[in-house]
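Geometric and topological summary
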Amino acid sequence: MAQLGREREHHTFSNHSSPTREIESLPVLDDSQIDDDMDDDDDDDDDDDDDDDDDDDDDDDDDDEEDLEEDLLQFQSRTARTLFHQPRSESDTLNSTQSLYDTDIEYLTIHERRYCENYSMPNDDAEQGRLQMLHDILLETLGGRLSMAPLQNPQKILDIGTGTGEWAIAMAELYPNADVIGTDIAKIQPTSVPCNVDFQIDDAEYEGGWTWTGNSFDLVHFRIMIGAFQDWNHIYREAYKTIKPGGYVEVMDMNIVTFPTYFPDDPMVVSWFNTFLEATKMAGRPMTTDHLEPQALAAAGFTNISATTKTVPCGVWPSESKARKTGLHFLSVVYDGIEAVSLRLFVEELGWEPENVTRLCKEVAKSIRALAHDPQRSQGFSMDARVLVGQKPSGNELEIPDDKSTMGDSMRTVTNGDSGRGP
């Protein structure tokens, strides 16, 4: 049985390389290669996969599916209600309509998915439900901790790309004396929130730079923002300016580059992944993990940099019930995310017809589902969540570095067996 706590080699690559030789050898797909006869019926293929399992495995799969359906309904219902984690009275809440709705936001619809500005990911109800499920998965993965930064009585927290606002709301409840600001380019956050939360429409890539007061935040937080920015170095420099001396930056993202290595005998999945990566490069926002390297924070001036790696299982292979449930939830996040990450990029950057994109995505999702539901083949199927935390030096301790030698002994690595330090 594969262990969640195992150490595994991490593959990172620049905009001009691929994580493995096998992946590099397969060309990107073309719109014309998508067969019109591809079967769009998920249920038929799922039934074919189940024919190879014994009756006990079928029963287990049915139970898992029923539990997952119930959980999905709960997450979907949360997109239409106020997201409070604890009971609140009217005096504890604030309708922050002034900050949320003082800007007209234009949305774009592609094949019934809704998008905002130039961001490649949708922000419709389906995507909001997926993000809320991912929030709970990441919270569970970090042992219930919202942040790996060693915060002490923070007064001001900034969440960039806040999405549905789950993390910002939870931090506001954890630190009721702190002002928590969540920013996003889309207004998909709840309007009834704790009185110390403020959601604002803001673009972190604004060419004039960030307008926040310098040296004012105890923590600037980024989560699941891979592929969101053209220049992470610029984003980190702007964050550095706004953080108080002694304050922290925290970045959490998934290491997606090892994903195709679980499909050595499925060229469709690997070719889809290659095509997806190529489209992100063409869009100017490559889906690389370069921003998760400690040197990226060090180059912006941060010190005391820590890297925490947690493994998130995908599928039914974990033997422990809690991990198995996490695996099923993460499978749903990945399964529903195939179209979410692909549709706009393939249509706008590669010139694909939307119908062909969705057809390909369904085929890829089926392959992922088949692997994840196979107790034997899915052993170890997972993705690493990586968290970087860096500190802005206090006073005149250190000038902005010009090379990675400033890392020294300030770097520490934490794997699943260690929860790290902090609240």
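In case you missed it, the structure is sitting above this.
Throughout what follows, the structure given in this document is the object of discussion.

What counts and how
All residue numbers here refer to positions counted from 1 along the written sequence of the relevant chain. Under the rules for a predicted model, residues below a pLDDT of 70 receive no local features and side-chain atom pairs below 80 are neither given nor counted, while totals for whole chains, interfaces and linings still include all residues. Remark: hydrogens and water are excluded; side-chain values derive from all non-hydrogen atoms of the structure. A pairing counts as a salt bridge when a side-chain nitrogen of Lys or Arg comes within 4 Å of a carboxyl oxygen of Asp or Glu. A run of H or I in DSSP becomes a helix once it reaches four residues, and a run of E becomes a strand once it reaches two; helices and strands are each numbered from the N terminus. Exposure classes here rest on a 1.4 Å probe applied to the protein chains alone. A residue is buried below 20% of its type maximum, exposed above 50%, and partly exposed in between. Among buried residues, the Ala, Val, Leu, Ile, Met, Phe, Trp, Tyr and Cys ones that are joined through side-chain atoms within 4.5 Å form a nonpolar core. When checking whether two residues touch, look at their non-hydrogen atoms; a contact exists if any pair is within 4.5 Å. To define axes, lines are fitted to C-alpha atoms, for helices over the stretch in contact only, and angles between the resulting N-to-C directions are given on a 0 to 180 degree scale. The scheme is simple: roughly parallel for angles under 35 degrees, roughly antiparallel for over 145, roughly perpendicular for 65 to 115, oblique for anything else. Crossing handedness is read from the near helix: turned anticlockwise from the far helix by less than a right angle, it gives a left-handed crossing, and turned clockwise, a right-handed one. Amino acids outside the nonpolar list (Ala, Val, Leu, Ile, Met, Phe, Trp, Tyr, Cys, Pro) and the charged list (Asp, Glu, Lys, Arg) are all regarded as polar, and Gly is one of them.

Let us look at the pattern of salt bridges. One pass over the full model with this rule turns up 10 salt bridges. Between Arg130 and Glu127 there is a salt bridge whose closest N-O contact spans 2.9 Å. Placement of both Arg130 and Glu127 in helix 5 (residues 125-141) is noted, with a separation of three residues, approximately one turn of the helix. Each member of the pair Arg130 and Glu127 is classed as buried. The shortest N-O distance in the salt bridge between Lys244 and Asp218 comes to 3.3 Å. Separated by 26 residues along the polypeptide, Lys244 in strand 9 (residues 243-255) and Asp218 in strand 8 (residues 217-223) bring together distant segments of the chain. Members of the salt-bridge network, linked through shared partners, are Arg113, Asp124 and Glu339.

Among the nonpolar cores identified, the biggest contains 70 residues, and Ile256, Phe259, Trp272, Phe276, Phe330, Ile368 and Phe381 are the most heavily contacted of them. Every element with two or more residues in this core is listed here: helix 5, helix 6 (166-174), strand 7 (197-201), strand 9, helix 8 (267-282), helix 10 (321-350), helix 11 (354-372) and strand 11 (382-391). Not counting residues within four places of it along the chain, the set of residues in contact with Phe381 comprises Phe259, Tyr262, Phe263, Pro313, Cys314, Trp317, Ile368, Leu371 and Ala372. Membership of the second largest hydrophobic core comes to 29 residues, among which are Ala204, Trp210, Phe217 and Ala307.

What follows deals with the packing of helix 8 against helix 10. To describe two helices that pack against each other, one gives the angle between their axes and the distance between the axes. For the pair helix 8 and helix 10, interaxial distance at closest approach is 9 Å and the crossing angle is 60°. In terms of their interaxial angle, helix 8 and helix 10 are classed as oblique. Handedness of the helix 8/helix 10 crossing: left-handed. Each of Trp272, Thr275, Phe276, Ala279, Thr280 and Met282 in helix 8 lies in contact with helix 10, whose residues at this interface are Ile338, Val341, Ser342, Leu345, Phe346, Glu349 and Leu350. Residue classes in the contact of helix 8 with helix 10 are distributed as nine nonpolar, three polar and one charged.

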